[in-house]
Amino acid sequence: QVQLVESGGGLVQAGGSLRLSCAASGDFLNDYLLGWFRQAPGKERELVAAINIESMTYYADTVKGRFTVSRDNAKNMGALQMSNLKPEDTAVYYCATQKTGNPLIAAQYNYWGQGTQVTVSS
C-alpha cells in the first residue's frame, strides 16, 4: 500500500498563495495517478486537480488558471500550487492516488491522505 501525507496548509489572505505537498511512502508514485480534492463544511468533496501517469493534468473550472498540479516521481511527491486564493477556496484539501481508474471520480481513488486545512480570509 501507499501512504500519503499532505502538508502546506494554513491561513492566507485573499489573493495570496500556498503550496501543498503530498509525500508518498510504501510505494512509488510513478505507478499512480494523483488527485487533489477539497471539502468545505456542508459541501460535498470535490475534485480540484489531478495529474495522471503521463503527466496530463485536469482542473476544476473554479480553480483553472489559479492552481497548478505537478508531480516529482524522483522525490515520490506531488504538489498543488495555489495562487490568487479566494475565500471560497477555504476547505480541507486531500491528496489521493489510484492506478487505473478515472482521475475525475473520487470513489475510484484507493488511497487518501488525512487532509490539510486551507483557510482564506477576506
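Residues numbered from 1 in each chain as written. Predicted model: local features only at pLDDT ≥ 70, side-chain atom pairs only at ≥ 80, totals over all residues. Heavy atoms only, no water.

Q: It is not clear to me how the sheet that holds strand β8 (residues 77–82) should be interpreted in this structure. Could you clarify?
A: Strand pairing within a sheet occurs via backbone hydrogen bonds; the two strands may be parallel or antiparallel. Taken in spatial order, the four strands line up as β1-β3-β8-β7 in an open sheet, and their pairing is antiparallel. Since the sheet does not close on itself, it has two edges, and those belong to β1 (3–7) and β7 (67–72), each with one partner. Strand-to-strand twist of the sheet, defined as the mean angle between neighbouring strand axes without regard to direction, takes the value 15°. Two elements, strand β3 (residues 18–25) and β8, share six bridges in a ladder whose sense is antiparallel. Within β8, the residue paired with C22 across the bridge is G78. (Pairing = 2+ DSSP bridges. Helix = DSSP H or I, 4+ residues; strand = E, 2+ residues; numbered from the N terminus. Axes fitted to C-alpha atoms, helices over the stretch in contact; angles between N-to-C directions.)

Q: For this particular structure, what's the right way to read the pattern of salt bridges?
A: One side chain can pair with another of opposite charge once the charged atoms of both are near each other. In total, this model carries four salt bridges according to the counting rule given. Measuring nitrogen to oxygen at the nearest pair gives 2.8 Å for the salt bridge that ties R38 to E46. You can call R38 buried: its relative accessible area is 6%. K64 serves as the salt-bridge partner of D61, at 3.5 Å between the closest nitrogen and oxygen. (Salt bridge = Lys/Arg side-chain N within 4 Å of Asp/Glu carboxyl O. Buried < 20%, exposed > 50% of the residue type's maximum accessible area, 1.4 Å probe, protein only.)

Q: I would appreciate a short explanation of the nonpolar core in the present structure.
A: Soluble globular proteins tend to bury their nonpolar side chains together. With 27 residues, the main nonpolar core has W36, V48, F67, L80, M82 and Y93 as its most contacted residues. If you list the elements that add at least two residues to this core, you get β3, β4 (33–39), β5 (46–51), β7, β8, β9 (91–98) and β11 (116–121). Of all the elements, β3 adds the most residues to this core, at four residues. Beyond its immediate chain neighbours, meaning those up to four positions away, V48 contacts W36, F37, R38, Y58, Y59, A60, V63, F67, L80 and Y93. (Core = buried A, V, L, I, M, F, W, Y, C linked by side-chain atoms within 4.5 Å. Contact = heavy atoms within 4.5 Å.)

Q: Got a minute to help me understand the packing of aromatic side chains in this structure?
A: Each aromatic ring pair is described using two quantities: the centre-to-centre distance and the angle formed by the ring planes. This structure, assessed with the given rule, holds five aromatic pairs. The interplanar angle of 45° and the centroid separation of 5.0 Å between the aromatic rings of F37 and W112 together place this pair among those described as tilted. Of this pair, F37 sits in strand β4 while W112 sits in strand β10 (residues 111–112), and the two are 75 residues apart along the sequence. Take W112: its relative accessible area is 26%, and that puts it in the partly exposed class. The cationic tip of R45 hangs over the ring face of Y94; the distance from NZ or CZ to the ring centre is 4.1 Å. In this structure, R45 is placed above the aromatic ring of W112, and the distance from its NZ or CZ to the ring centre is 4.8 Å. (Phe/Tyr/Trp six-rings, centres within 6.5 Å; stacked < 30°, edge-to-face > 60°. Lys NZ or Arg CZ within 6 Å of the ring centre and 35° of its normal.)

Q: What's the story with the state of the cysteines in this structure? I'm lost.
A: In a disulfide, the sulfur atoms of two cysteines are held together by a covalent bond. One pass over the full model with this rule turns up one disulfide. Between the sulfur atoms of C22 and its disulfide mate C95 the distance is 2.2 Å. Judged by the sign of its S-S torsion, about 70°, the bond between C22 and C95 is right-handed. With C22 in strand β3 and C95 in strand β9, this pair connects stretches of sequence that are 73 residues apart. Taken individually, C22 and C95 each receive the classification buried, so the pair is uniform in this respect. (Disulfide = S-S within 2.5 Å.)

Q: I'm lost on the pairing of β9 in this one. Help?
A: Every regular strand shows the same layout, with side chains that alternate between the two sheet faces. Among the eight residues of β9, seven are classified as buried, and the element is accordingly described as predominantly covered. With seven bridges connecting them, β4 and β9 associate as antiparallel partners. Paired with R38 across the bridge in β9 is Y93. Pairing of β9 with β11, which is carried by three bridges, proceeds in the antiparallel orientation. Bridge pairing links Y93 to T116 in β11. Alignment of β9 against β10, held across two bridges, turns out to be antiparallel. Its bridge partner lying in β10, T97 is registered against Y111.

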